[in-house]
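# Observations on the model geometry
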Amino acid sequence: MQVPPFSLDQQLSDIGHQLETAASKVLRSGHYIGGKEVDDFEKSFAASVCVPYAIGCNSGTDALILALRALDIGPGDEVLTPSFSFFATAEAISNVGAKPVFIDIDPKNFLINTGLIEKAITSATKAILPVHLFGCPVDMDVIVSIAKKNRLKIIEDCAQAAGSYWRGKPVGGIGDIGCFSFFPTKNLGAAGDGGAVTTHDPEIAQRVREIAVHGMPRRYFHTNLGYNSRLDALQAAILSVKLPMLSDWVKKRQAIALRYQKLLKGIPGLEMPGDSINDQDLCGHSWNQFVVKIKGNNLSKKLDREEIFDHQENNLSDSTYRDWLKEELSKNGVNTIIYYPIPIHLQPIYQEIGYKDCKLPFTEKVSHQVLSLPIFPELTLDKQDYVVNQIRNLLLV
Ligand SMILES: *Cc1c(COP(=O)(O)O)cnc(C)c1O
């Protein structure tokens, strides 16, 4: 049996016709940029996040850049954010000329450690950019109270968290700005790149709109240096078909996550995300990824395995076990992914531009332990059982 980490096959056989109809309607209309398809999607997406404004753009990365630019964040400014995220989070901050200041994570839920944020605030700090990583909502009560007290803006990176809630509120509508990605593997995926910015603030919405289209409040009149970052009518039409299905897909992801938690319970050396995330957070978790930690020290039974000993001495690191498990699973058809093997501050470019002294112990530690198991709404019970059994066979001697 083969189990991919993510697959659209079943979704395409379920709704492929609807997607084709929507796409061909746009194709035949001849209106590819802007127009009703984009307006309609923006309206429904805004409603789904419980905000008055959503602005479509080219990608989640652009959503972050537009958000930062709309808040006038640039050279000389600092933005507090985690290093354990997809590279684009920090890249966007650096690309607008500001400085990402990395906050370590809470190793239990992989999210920015809100207890470390206030210590990192300086006179240059302009914003907090929390990431709802893997679909798990950050404690926005704490973020909002720190931001209020210190007059900071909040930009939520919701790229992996469409359909996630914090205490009953959709993420992306809690801070000043929410940034979403419609990359095909995200919870709400386009047939290509796409993204959106969400906000309650009409002025921010207007600024994002202008900056996304060449800083042009009206035709051929430019008050800013912006970008060409629009959501295509074709993508908007496809997303409009999928948006009403999002909450159902999230429910399916939650059911799969719950099932992994039950079936993988009690395996020494394997720590599940649910072990440490409280119920409050769990019910708002959209499970874009199901990420387990493989802890080498607890896998002492594996010490005599030759494939590990071949190239290692006695001091086996977590990543040795994690990488061994990943490799063995893939030999048996179970394909997993490591999100993320190298934290952002340790990436060559950040080492080069001044982060050599940046030490984030938990971020660095979990990057050696994490492994994402296959999860997508259409994953069948059979396939999930197969994944579970392969893991049990390998880890339980
Ligand atoms: C995917 C992702 C992005 C970037 O989104 P793109 O649409 O690929 O540009 C930003 N942040 C996080 C956390 C992501 O997972």
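Residues numbered from 1 in each chain as written. Predicted model: local features only at pLDDT ≥ 70, side-chain atom pairs only at ≥ 80, totals over all residues. Heavy atoms only, no water.

Under an unreviewed UniProt entry, the protein chain has the name Putative pleiotropic regulatory protein and belongs to Prochlorococcus marinus. Check the Sequence similarities (unreviewed entry) section of the UniProt entry for the protein chain; it says "Belongs to the DegT/DnrJ/EryC1 family." (UniProt positions renumbered as here; feature names shortened; annotations may be inferred.)

### Observations concerning the packing of helix H3 (residues 60–70) against helix H4 (residues 88–95)
As a packed pair, H3 and H4 sit with axes 9 Å apart at the nearest point and diverge in direction by 40 degrees. Considering their axes alone, H3 and H4 lie oblique with respect to each other. Handedness of the H3/H4 crossing: right-handed. On H4, the residues touching Thr61, Leu64, Ile65 and Leu68 of H3 are Ala88, Thr89, Glu91, Ala92 and Ile93. Class assignment for the residues of the contact of H3 with H4 results in six nonpolar, two polar and one charged. (Axes fitted to C-alpha atoms, helices over the stretch in contact; angles between N-to-C directions. Helix = DSSP H or I, 4+ residues; strand = E, 2+ residues; numbered from the N terminus. Parallel < 35°, antiparallel > 145°, perpendicular 65-115°, else oblique. Left-handed = near helix turned anticlockwise from the far one by under 90°. Contact = heavy atoms within 4.5 Å. Nonpolar A, V, L, I, M, F, W, Y, C, P; charged D, E, K, R; others polar.)

### What about helix H6 (residues 202–212)?
Restricting attention to buried positions, one finds in H6 the residues Ile204, Ala205, Val208, Glu210, Ile211 and Ala212. Packed against the buried residues of H6 are strand S1 (53–57), H3, strand S8 (177–181) and strand S9 (195–199). Structurally, the start of H6 carries an N-cap: the backbone nitrogen of Glu203 is 2.7 Å from a side-chain oxygen of Asp201. Of the residues trailing H6, His214 is marked for its positive phi of about 60 degrees. (Buried < 20%, exposed > 50% of the residue type's maximum accessible area, 1.4 Å probe, protein only. Polar contact = N/O pair within 3.5 Å; in protein donor to acceptor, adjacent residues only side chain to side chain.)

### Considerations on the site of the ligand
Every one of the 14 residues lining the ligand counts as a neighbour, but Gly60, Thr61, Gln160, Ser181 and Lys186 are closest to it. Contact between the ligand and Ser181: an oxygen atom at 2.6 Å from a side-chain N or O atom of the residue. Interatomic distance of 2.8 Å between a side-chain N/O atom of Lys186 and an oxygen atom of the ligand. When the ligand is considered free in solution it has 380 Å² of accessible area, and contact with the protein chains removes 93% of it. Per-class residue counts for the shell around the ligand are four nonpolar, eight polar and two charged. (Near = heavy atom within 4 Å. Areas by Shrake-Rupley, 256 points an atom, 1.4 Å probe, with all protein chains shown as cover.)

### What about the domain arrangement of the protein chain?
For the protein chain, the assigned domains are domain 1 (8–245) and domain 2 (246–396). Distance from the C-alpha centre of domain 1 to the C-alpha centre of domain 2: 26 Å. Opposite the 43 residues of domain 1 that make contact, domain 2 presents 37 residues. Seen at the junction of domain 1 and domain 2, the total is zero salt bridges. Linking domain 1 to domain 2 there are 24 residue pairs in polar contact (both at pLDDT 80 or more). Sorting elements by how many residues they give to the side of domain 1 that touches domain 2 places strand S3 (residues 99–103) first, with four residues. For the side of domain 1 that touches domain 2, the residue count by class is 24 nonpolar, twelve polar and seven charged. (Domains from an automatic or database assignment. Salt bridge = Lys/Arg side-chain N within 4 Å of Asp/Glu carboxyl O.)

### Description of the UniProt feature "active site" (unreviewed entry) in the protein chain
In the UniProt entry, the feature "active site" (unreviewed entry) is given for Lys186. Tracing the backbone shows Lys186 in the loop between S8 and S9. When near neighbours in sequence (up to four residues on either side) are disregarded, Lys186 contacts Ala159, Gln160, Ser181, Arg253 and Asn288.

### As for the sheet that holds strand S11 (residues 290–294)
Across a sheet, strands are paired by hydrogen bonds formed along the backbone, either parallel or antiparallel in direction. Pairing is antiparallel across the open sheet formed by three strands, whose spatial order is S10-S11-S12. A single partner strand is all that each edge strand has here, and the edge strands are strand S10 (270–271) and strand S12 (370–373). Where S10 meets S11, two bridges bridge the pair, whose relative direction is antiparallel. Its bridge partner lying in S11, Leu270 is registered against Ile294. Together, S11 and S12 form the strand contacts of helix H11 (residues 318–331), whose direction differs from that of S12 by roughly 25 degrees. (Pairing = 2+ DSSP bridges.)

### As for the environment of Gly30
By the secondary structure assignment, Gly30 is in the loop between helix H1 (9–29) and helix H2 (36–48). Gly30 gets classed as partly exposed once you look at its relative accessible area, which sits at 46%. It is 32 Å that separates the C-alpha atoms of Gly30 and Glu203, two residues lying 173 residues apart in sequence.

### Concerning unusual backbone geometry
Residue Tyr340 follows Tyr339 across a cis peptide bond; omega there is 0 degrees. Following the sequence through the fold, Tyr340 ends up in the loop between H11 and helix H12 (348–352). Even without being a glycine, Cys50 presents a positive backbone phi close to 60 degrees. If you trace the backbone, Cys50 turns up in the loop between H2 and S1. Accessibility expressed as a relative area gives 52% for Cys50, which makes it exposed.

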